[in-house]
Amino acid sequence: MKPFDIVIVGGGGAGLYAAMEAMKTNPALNIAVLSKVYPNRSHTSAAQGGANAALGNKAKDDTVEMHIFDTIKGSDYLADQDAVEVLCSEAPKIIRELENIGTPWSRMEDNTIAQRPFGGAGRPRCCYCADKTGHTILQTLYEQCLRKGVIFFNEYFALNLSVIGSRSRGLIAMNMKSGKVEAFPAKTVIFATGGYAKMYWNRSSNAAGNTGDGQAIAYRAGIPMKDMEFVQFHPTGLRKSGLLVTEGARGEGGFLINKNGERFMARYAKEKMELGPRDLVSRSIETEILEGRGFDSPAGKYIHLDLTHLGADLIKSRLPQIREMSLNFEGVDPIEEPIPVRPTAHYSMGGIDTDNFGRTIMDGVYAAGECACVSVHGANRLGGNSLLDILVFGRIAGHTAAEEAGKFESGTISEAELKESVDQLRSSMQPSGHYERYGALREELGQTLAVNVGIFRESSLLKKGIQDISELKERFKKVRVFDSSDVFNTNLMQVLELKNMLDLSETVAIGALAREESRGSHTRIDFPVRDDEKWHKHTLATLIDGKVAPGEKPVTMGRYELQERTY
Amino acid sequence: MKRYAYYMSCINESMTKEVDRSIDYWQKDLGLEFVKLHEGTCCGGSNLDYVSPKHFALVNARNIALAEKMGLDLIVSCNTCLMTIRTAKKKLDETPALKKEVNDILKREGLEYRGTSEVRHLLWVLVDDVGLDAIKAKVTVPLKNYRIAPFYGCHILRPSTVLGRDNPLAPSSLDQLIEALGGQTIPFEHKNRCCGFHTLLVAEEESLNVAAEALDEAIKAKADFIVTPCPLCHTVLDGYQAKALKQAHIESSIPVFHISEMVGLALGYSAKQLGIKRHIVS
Amino acid sequence: MTGTIDQHQEGKRDVTFRVFRFNPQVDSKPYFDDYTISAERGITVLRALNYIKEHVDATLSFRAFCQAGICGSCGMRVNGISKLACTSQVWDELDKCREPGIIKVEPLRSLPMIKDLIVDMDPLVDKMTHYSNWIETTMPLAEIGKKEFLISEEEFHKYDKATDCILCASCVSECSILRANKEYISPAVLLKSYRMNVDSRDAIHDVRLSELVKDHGVWDCTHCYRCQESCVKSIPIMEAIHAIREDALESRGPKDTSGAKHAEAFMEDIEKKGKLVEATLPIRTNGMVWTLRNLLPMAMKMIVKRRTPPPPPLVKSAKGIKIFRSMFREMTEHVKQDHQKSHKK
């Protein structure tokens, strides 16, 4: 295989935009995008809400500065303020660029890009396309990549980085169609593989494949993970499946109602009500449920998201996807009845530690999108900022890698190294005697995380969680892969994904136990207050000698001093 | 007597004359009177719609208005005419501005499209209006021992938003008619598939490929004949049968009937009377 | 599908899934495996397949990702019809079984098989590339990102439904012409091409259209409507295909391709006689040489059966054709005025 200048792992919004930007920066580079699914399937497509930008179309007095402040406040002051400045200042240009190349943004009466209110935002600045914003952005980017002739390696499962000393020589991946393990020698590698919230399994809104592959590979190669304990629970996931009901439903005027028919958000966020930031609303719903004011059912406890007062026309034109999902997965028509919802693990603020240019600590390795932690979202992400994040930092990472590829020498990945990867795979396939079922382990992992490392955390629960994970990792050694074929072995792939989730889950639980305060989406019942003195810092988790070695990193401050965060 | 305005499809006046001819024989026997609409014009096939949407609307508003003037529903015995006129009707009913524009012109002939007449297929009239029991009662030569492949044809089923009488995935009206006439329907995958008519002149090879698949299945299932409610499908499956099977390297043949002929036969009329001798495949 | 939440009935019954299997590494030809599981009311086909994979046969391979009807990964045929497995209710499928209690599951048609329910999407991606399914922006490079194009609600509506397409390939699988010839453009690609062509931000409308009217392009659609009927997002795909044809006739003229000539002939005949002159239709569509070569043998047979369409002079006009013609022409004036108005904009 000819050595690449850049290999991008992941074909979602961040990966595709990185590819486009890299090509633009230096058309002579040999660039490839590697994805375990066809790029248009990536989870970016599920983002329903929109992308924030201070365009000033809807609210003429909106400014980039307000967007910066909202984001920093929303992050519970854990975001790096210089990174947030980059995020918000780049936003208007990026949204308009996407528009210029064909993204079908919804429009306002004056034909400019429409914007709507979103959780935690001081002005309505969320740009959207009905409730399919992520889908249309992803399609547009994929179309442009086809136009530009981007080289794709579709349905390749990334296995590990090839590392020598302190830098990477490229990637080793499995070609799903043939089962062959192939080497991708590359001067630079950009991880853009998405989040890890799926480790919560049934209590997650994520696609089945959001198993944190990029993070796990980087982690195993010794690259630090940052702020892993911060997992965002989206307030409204469908009761049975965990699938997401977009914040847009509340943006369009939906109510959250408990069993007493009360719009209970009045007690938790008097001003913002249903449009408070996600962590606040999730905690509110969870509290209502825990205190007995939720509904009960065989599928678990929940509350109502009521859209009935919005009318059939609005629901059909602005929220058609939600209506479809509600009908398909809950058997409920939101025009007639409220939708049963409860919080669901939705987004991972934590991820691969990068600087503002997408660089990790390892030479030649970069990361962008949900799999990275810059950090722009700190302890809690605002709705509409993720689509923005992946575009802004996807592009930055592509640009950085393109500029820096020249200073690295190309390396080779030896046959021996490839063989070792192959052997490692095969060895896990046929344990003798007693074996474990990967499905059971996966569900148990999700269970223990939902209970012990969920919305409300506490020392003894977290310790139990860590213990459980440790046992699961031990049991994983005996997992059996039944499908021995080379062709499209999804059995093997799912087992490898489980391994990634197990490896990462440790960092989440350990990080949550270590952080003895409550901040953003991390709520400790035993430490209910934000402790700026001791804990205004990022946590790091690095794999050293097979164990999680904790670390820390200061938060870059700026114009905004620490304040109490109320809505 | 149930009276209906009867739409004269272009193909029934030129090539498949046996359709109208056979209906003339037995309509009274089933208590039906079809008043031929000689002022009607071509519906536009499935082409006029995109050559000029407005002319399409005008021409078919007129066809329906002629029936409305008589106070009768408009009955059609060609699938594409059915789908086309019903599509036009839907557009007119849903777009008041278009309806007005069209009616302003129709005034010249003293016509007005009001939307009061239904547009339906002969098959539906037989099954829904006459009723299966009434038909059964009139059968003198039951088609027993005949294994019959029901080929519905696309445009009597799809798009279901325009047609809607049968479930496009599991249509039943033609099957029921066959059974009422004493015949035996065979399980037929291609019952709701295409015959390829509309691309005969533009992509002949593909069309014949499509037709050959349907013919092949019927032949392999040892059907005695194929019956179809559409003269366009009939033209392909009968008229082009030899060419289609030759292209597919299949040596065999199978007769193809119109529903009007099948009804006529069961009601005791002769093949000669019904015009069956006009078919290409004997 | 609706029912009040609290009265959730959890009926359960045994359901057999008859699933298509094929592993080219070991199988010489495809076969079916039967899996009988206890399914409760409300579960989807995908959840059933997941269950089978996890608990019964881990070798069963299929694509799945979002499990929410958004990503389009799990397109397959269930009881013969192409759709998404993750939004198909097992209970609803039971009504459609050929053999009671046995749900047939097969891969999508007309795309190369890889394994079990997994087909190769590359041919579709290649076609999207060939037909330029992207916006080539009219914004000069130096200006990109500075401000947005102003797009009216009217224009947005033109392509809004078309952008719902998740490339699940159900329409591709159902298409009658694609089944007959793998080179055919495919409904999904026609839909995307339409979406690009009606976007005012795009610069290559003419180039794209010139490709669409070639062989295996838009004129090869036989209007069977299977694509529209099976679309999991209920997109009126045929409307898009018709719109491309209307556009082709307008931009490239009625004599541009045989498809265009064929369509135009309908208009001409209706204006003149109110009825089609079928005898000359093949000649006007494809020319005398083609007609003699392709249809002469058939014509002979038809002459014997006295089945030939009448020659032009003998085609009887519709009754009342004169007044019909005047109304037809009045509409022609309307259409001309519409064009002038829209070109002024």
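Residues numbered from 1 in each chain as written. Chains lettered and ligands numbered in written order. Predicted model: local features only at pLDDT ≥ 70, side-chain atom pairs only at ≥ 80, totals over all residues.

Asks: What's the story with the overall build of chain A in this structure? I'm lost.
Replies: Scanning chain A from N- to C-terminus turns up 15 helices and 21 strands. Relative to its length of 567 residues, chain A is compact, with a C-alpha radius of gyration of 22 Å against a globular reference of 24 Å. Seen through its C-alpha atoms, chain A measures out along the principal axes to roughly 65 × 55 × 50 Å. When each of the 567 residues of chain A is scored for burial, the buried share is 64%. (Helix = DSSP H or I, 4+ residues; strand = E, 2+ residues; numbered from the N terminus. Rg over C-alpha atoms; globule rule 2.2 N^0.38 Å. Buried ≥ 20, exposed ≤ 12 C-beta atoms within 10 Å, placed from the backbone.)

Asks: Any chance you could explain helix α5 (residues 213-220) of chain A here in plain terms?
Replies: One turn of the α-helix equals 3.6 residues, which is why residues spaced by three or four share an orientation. All names here are of chain A. The element α5 is largely enclosed, with a buried count of seven among its eight residues. Those residues of α5 that sit buried are Asp 213, Gly 214, Gln 215, Ala 216, Ile 217, Ala 218 and Tyr 219. Immediately beyond the C-terminal end of α5, within one or two residues, lies Gly 222, with a positive phi of roughly 90 degrees.

Asks: What am I meant to see in the pairing of strand β21 (residues 547-554) of chain A here?
Replies: The side chains of a regular strand alternate, residue by residue, between the two faces of the sheet. All names here are of chain A. Alignment of strand β20 (residues 537-544) against β21, held across eight bridges, turns out to be antiparallel. By the bridge assignment for β21, Thr 542 is matched with Ala 549. The antiparallel pairing of β20 with β21 creates a hairpin that spans two residues between the two strands, and Asp 545 there sits at a positive phi of about 50 degrees. (Pairing = 2+ DSSP bridges.)

Asks: Is there a simple way to explain the interface of chain A and chain C in this structure?
Replies: Bring the parts together and some accessible area is lost; that lost area is often taken as the interface size. Contacts between chain A and chain C engage 52 residues on the former and 57 residues on the latter. Put simply, the parts of the chain that give the side of chain A that touches chain C at least two residues each are α3 (81-100), α4 (133-148), α9 (320-330) and α14 (490-514) of chain A. For the side of chain A that touches chain C, the per-class residue count stands at 18 nonpolar, 18 polar and 16 charged. (Contact = placed C-beta atoms within 7 Å. Nonpolar A, V, L, I, M, F, W, Y, C, P; charged D, E, K, R; others polar.)

Asks: Just checking my understanding: could you explain the domain arrangement of chain A for this structure?
Replies: All names here are of chain A. Domain boundaries assigned for chain A yield domain 1 (1-230 + 349-567) and domain 2 (231-346). For domain 1 versus domain 2, the separation of C-alpha centres amounts to 26 Å. Counting residues at the interface gives 33 residues for domain 1 and 33 residues for domain 2. Partitioned by chemical class, the residues of the side of domain 1 that touches domain 2 number 14 nonpolar, 14 polar and five charged. (Domains from an automatic or database assignment.)

Asks: Looking at this structure, how should I read the domain arrangement of chain C?
Replies: All names here are of chain C. Each domain of chain C was delimited in the assignment, giving domain 1 (11-118), domain 2 (122-141 + 152-252) and domain 3 (258-344). Relative to domain 2, the C-alpha centre of domain 1 lies at a distance of 29 Å. Of the residues lining the interface, 15 residues belong to domain 1; the matching set on domain 2 comes to 16 residues. Mapped by element, the contributors of at least two residues to the side of domain 1 that touches domain 2 are β3 (75-78) and β4 (81-84). Ranked by residue count, the leading element in the side of domain 1 that touches domain 2 is β4, at four residues. Tallied by class, residues from the side of domain 1 that touches domain 2 come to seven nonpolar, five polar and three charged.

Asks: Help me out: how do you make sense of the interface of chain B and chain C in this one?
Replies: The interface is formed by 51 residues belonging to chain B together with 57 residues belonging to chain C. At five residues, the largest contribution of residues to the side of chain B that touches chain C is made by helix α9 (residues 204-220) of chain B.

Asks: Got a minute to help me understand the packing of helix α13 (residues 459-476) of chain A against α14(A) in this structure?
Replies: If you want to describe how two helices pack, look at the angle between their axes and the distance between the axes. Residues and elements named next belong to chain A. Here α13 crosses α14 at 160 degrees, and the two axes come no closer than 9 Å. Taken together, the axes of α13 and α14 lie roughly antiparallel to each other. In this structure, α13 crosses over α14, and the sense of that crossing is left-handed. Residue-level contacts link Ser 459, Leu 462, Lys 463, Gly 465, Ile 466, Ile 469, Leu 472, Lys 473 and Phe 476 of α13 to Leu 498, Lys 499, Leu 502, Ser 505, Glu 506, Ala 509, Ile 510, Ala 512 and Leu 513 of α14. Tallied by class, residues from the contact of α13 with α14 come to eleven nonpolar, three polar and four charged. (Axes fitted to C-alpha atoms, helices over the stretch in contact; angles between N-to-C directions. Parallel < 35°, antiparallel > 145°, perpendicular 65-115°, else oblique. Left-handed = near helix turned anticlockwise from the far one by under 90°.)

Asks: Explanation requested: the arrangement of the chains in the structure shown.
Replies: When the two pairs of chains in contact are compared, the highest contact count belongs to chains B and C. The two units chain A and chain B remain apart, with a minimum C-alpha distance of 17 Å.

Asks: Would you mind going over the environment of Pro310(C) with me for this structure?
Replies: Within the fold, Pro310(C) resides in the loop between α13 (288-304) and α14 (321-344). Residue classification places Pro310(C) among the partly exposed residues on the basis of 15 C-beta atoms within 10 Å. The spatial distance from the C-alpha of Pro310(C) to the C-alpha of Val26(C) is 60 Å, given a sequence separation of 284 residues. Contacts of Pro310(C), omitting those with residues within four sequence positions, involve Ser14(B), Ala279(C) and Val315(C).

Asks: Mind showing me how you'd approach the nonpolar core here?
Replies: General note: in soluble globular proteins, nonpolar side chains tend to be found buried as a group. The biggest cluster of nonpolar side chains holds 369 residues, and the ones touching the most others in it are Ile6(A), Val7(A), Leu34(A), Leu171(A), Ile190(A), Ala368(A) and Ala211(B). If sequence neighbours within four positions are ignored, Leu34(A) has contacts with Val7(A), Ile8(A), Val9(A), Phe153(A), Tyr156(A), Ala158(A), Leu171(A), Ala173(A) and Phe184(A). (Core = buried A, V, L, I, M, F, W, Y, C linked by C-beta atoms within 7 Å.)

Asks: Can you walk me through the sheet that holds β21(A) in this structure?
Replies: The strands that make up a sheet are held in pairs by hydrogen bonds between backbone atoms, and each pair lies either parallel or antiparallel. Residues and elements named next belong to chain A. A sheet is described by the order of its strands in space; here five strands give the open sequence β17-β15-β10-β20-β21, paired in mixed fashion. The strands lining the two open edges of the sheet, one partner per strand, are β17 (372-373) and β21. When strand β10 (residues 225-226) meets strand β15 (residues 351-353), the two strands line up antiparallel, connected through two bridges. Across the sheet, residue Lys 226 finds its bridge partner in β15, namely Gly 351.

Asks: Explain the packing of helix α1 (residues 13-25) of chain A against α4(A) here, please?
Replies: Residues and elements named next belong to chain A. Between α1 and α4, the least distance of the axes is 10 Å, while the angle of their chain directions is 35 degrees. Considering how the two elements wind past one another, α1 and α4 form a crossing that is left-handed. Facing Gly 13, Leu 16, Tyr 17, Ala 19, Met 20 and Met 23 of α1, the residues of α4 in contact are Ile 137, Leu 138, Leu 141, Tyr 142, Gln 144, Cys 145 and Lys 148. Its residues assigned to classes, the contact of α1 with α4 shows ten nonpolar, two polar and one charged.

Asks: Would you mind showing me how to read the sheet that holds strand β1 (residues 2-6) of chain B here?
Replies: Residues and elements named next belong to chain B. Strand order in the open sheet made by the four strands is β2-β1-β3-β4, with parallel pairing throughout. Each of the sheet's edge strands pairs with one partner strand only, and the pair in question is β2 (32-36) and β4 (119-121). Ignoring strand direction, the axes of neighbouring strands in this sheet form an average angle of 40 degrees. Strands β3 (74-76) and β4 of the sheet are contacted by helix α5 (residues 79-94), whose axis makes an angle of about 160 degrees with β4. Strands in contact with helix α7 (residues 122-138) are β1, β2, β3 and β4; relative to β4, the strand with the most contacts, it is inclined by about 90 degrees.

Asks: Sorry, what's going on with the environment of Met493(A) here?
Replies: Residue and element names in this part refer to chain A. Summarising the element assignment, Met 493 is placed in helix α14. Along the chain, Met 493 and Gly 209 lie 284 residues apart, while their C-alpha atoms are 9.6 Å from each other. With residues up to four places along the chain from it excluded, the contact list for Met 493 reads Phe 157 and Met 176.

Asks: Mind showing me how you'd approach the confidence of the model for chain C here?
Replies: Low-pLDDT stretches of the model should not have their predicted coordinates read in fine detail. All names here are of chain C. This prediction gives chain C a mean pLDDT of 92; 97% of its residues lie at or above 70. Below pLDDT 50 for its whole length, residues 1-9 participates in 14 contacts with residues either more than four positions away or in separate chains. Across the interfaces of the predicted complex, the ipTM metric reaches 0.94, alongside a pTM of 0.94. (pLDDT = per-residue confidence, 0-100.)

Asks: Explain unusual backbone geometry to me, please; I cannot follow it from the model alone.
Replies: Excluding glycine, residues mostly carry a negative phi; peptide bonds, for their part, are mostly trans. Omega for the peptide link from Val374(A) to Ser375(A) comes to 20 degrees, which places this bond in the cis form. The step from Arg158(B) to Pro159(B) runs through a cis peptide bond, and the omega angle for that step is 0 degrees. Its place among the elements puts Pro159(B) in the loop between β5 (147-150) and α8 (173-180). Look at Trp201(A): it is not a glycine, yet its phi comes out positive at around 45 degrees. Note on placement: Trp201(A) falls in the loop between β9 (181-191) and α5. Overall, Trp201(A) belongs to the buried group, with 22 C-beta atoms counted inside 10 Å. The phi torsion at Phe488(A) lies on the positive side, around 40 degrees, for a residue other than glycine. Mapped onto the fold, Phe488(A) is located in the loop between α13 and α14.

Asks: It is not clear to me how α4(A) should be interpreted in this structure. Could you clarify?
Replies: Here α4(A) spans 23 Å end to end across 16 residues, near enough to the 22 Å set by a 1.5 Å rise per residue. Looking one or two residues beyond α4(A), the residue adopting positive phi is Gly149(A), at roughly 75 degrees. (Expected span 1.5 Å × (residues − 1).)

Asks: Whenever I open this one, the pairing of strand β2 (residues 31-35) of chain A confuses me. Can you help?
Replies: Residue and element names in this part refer to chain A. Judged by how many residues are buried, β2 sits mostly within the fold: five of five residues are covered. The alternating pattern of β2 places Ile 31, Val 33 and Ser 35 on one face and Ala 32 and Leu 34 on the opposite face, and all of these are buried. Strand direction decides the pairing type here: strand β1 (residues 4-9) and β2, joined by four bridges, are parallel. From the neighbouring strand, Val 7 faces β2, where its bridge partner is Ala 32. As for the winding sense of the linkage, the β-α-β connection from β1 through α1 to β2 is right-handed. (Right-handed = clockwise from strand over helix to strand, strands pointing away.)

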